[in-house]
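# Commentary on secondary and tertiary structure
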Amino acid sequence: AECISGCVCPEGLFDDGQGGCVERKDCPCIHNNQWYSPGQKITVDCNTCTCQKGFWRCTEDVCYGTCTIYGSGHYITFDGKFYDFDGKCEYVATQDFCGDKNSSGSFSIITENVPCGTTGVTCSKAIKMFLGKTELKLENKDYKEIQRDIGDDVRYWNRTVGLYLVIEATNGVMLIWDKKTTLFIKLTPDYKGKVCGLCGNFDDKSNNDFTTRSGLQETNALKFGNSWKQSSMCPDVTQEIKPCDVKPHRKSWAEKECSIIRSEVFKICHAKVDPMPFYDACVHDACSCDSGGDCECFCSAVAAYAQECIKAQACVFWRTPDIC
């Protein structure tokens, strides 16, 4: 064959992807389109990975699971599945009362959704957290405790961290609430595969997260969501609401405001966390919150993306005197 002119590395050396030739032990590693030198460390979830000879070597700690519920009906399950569900009712977010009727569990978290605008979309308004015989009700930026007759004693403590109220219990359940429409539920690894509800089953597989209350696998978010309502008196959700179609005059404003998620401000994060589902959710919320609280809905949507960026080790300073 003919010779092709160009540069190659001398025998025994390897192309380092950045125009140089290195020995095998000095090969870099790549993660999210970024190059890392040998010996550099990154954090993935709760594990540390070290670059060695072009490959990542990671610790194998089992990590907390996080489920996120925010804005007008956006859910990210423990296993990372995104979906939207707008229902006006109380729904089981997550619980360990799964399987047969008599199975004992130690906790249940219920979210009460109410309309947040005139288009019919809903936001989480109140949260009920059952820990053994203690019931905590979180609403109106505060929480109150109710003692019930049945159940075990599960101790818990609460603290305020920045904007958030954090409730942590001895059974490995943590709830983080921004006192508005954003809720993070964190569970210890002991609960893997043992929970059910709108947050999925926490078994590291996202394709089976739509398991209904009766244990069936669903593909449709509406049927799955309806199965987890607390009261049979609530109507089922029959169609997905598209608020920007209902309020077209708000669409261009929503797209303009939410473009911050896809802008240079978040550039450091784009390779680590896909901005598109968060951008779409932001536009949806900015269109739907049309009876006051416009900025609150928009800010919660951007904050949800910023939160995922921080988890991926991309710290973004996006709040300014003009924005949120």
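What you see is a predicted model, and the numbers here were worked out from it, not measured in a lab.

## Quick word on the packing of aromatic side chains
- As enumerated under the stated definition, the model contains 12 aromatic pairs in all.
- Aromatic pair Tyr 75 and Tyr 83: ring centres 5.0 Å apart, planes at 10 degrees, arrangement stacked.
- Accessibility expressed as a relative area gives 1% for Tyr 75, which makes it buried.
- Between Phe 85 and Tyr 91 the ring centres are 5.2 Å apart and the planes differ by 90 degrees, which places this aromatic pair in the edge-to-face class. Across the pair, Tyr 91 and Phe 85 agree in class, each one buried.
- Of the aromatic side chains, those joined through ring pairs into one cluster are Tyr 75, Tyr 83, Phe 210 and Phe 224.

## Considerations on the environment of Gly 87
- Along the chain, the position of Gly 87 falls in the loop between strand E10 (82-84) and strand E11 (90-95).
- Residue class for Gly 87 comes out buried when judged on its relative accessible area of 0%.
- When the C-alpha atoms of Gly 87 and Glu 240 are compared, they prove to be 9.8 Å apart, with 153 residues separating the residues in sequence.

## Concerning the sheet that holds strand E5 (residues 41-44)
- Within the open sheet, the 3 strands sit side by side as E5-E6-E7. Their pairing is antiparallel. Both edges of this open sheet fall to E5 and strand E7 (55-58), since each of them pairs with a single strand only. Across the sheet, the axes of successive neighbouring strands diverge by a mean angle of 35 degrees, strand direction being ignored.

## Side note on the domain arrangement of the chain
- Entries for the chain in the domain assignment read domain 1 (13-58), domain 2 (65-227) and domain 3 (243-312).
- Between domain 1 and domain 2, the C-alpha centre-to-centre distance is 39 Å.

Reading the values: rules and limits
Residues numbered from 1 in each chain as written. Predicted model: local features only at pLDDT ≥ 70, side-chain atom pairs only at ≥ 80, totals over all residues. Heavy atoms only, no water. Phe/Tyr/Trp six-rings, centres within 6.5 Å; stacked < 30°, edge-to-face > 60°. Buried < 20%, exposed > 50% of the residue type's maximum accessible area, 1.4 Å probe, protein only. Helix = DSSP H or I, 4+ residues; strand = E, 2+ residues; numbered from the N terminus. Pairing = 2+ DSSP bridges. Axes fitted to C-alpha atoms, helices over the stretch in contact; angles between N-to-C directions. Domains from an automatic or database assignment.

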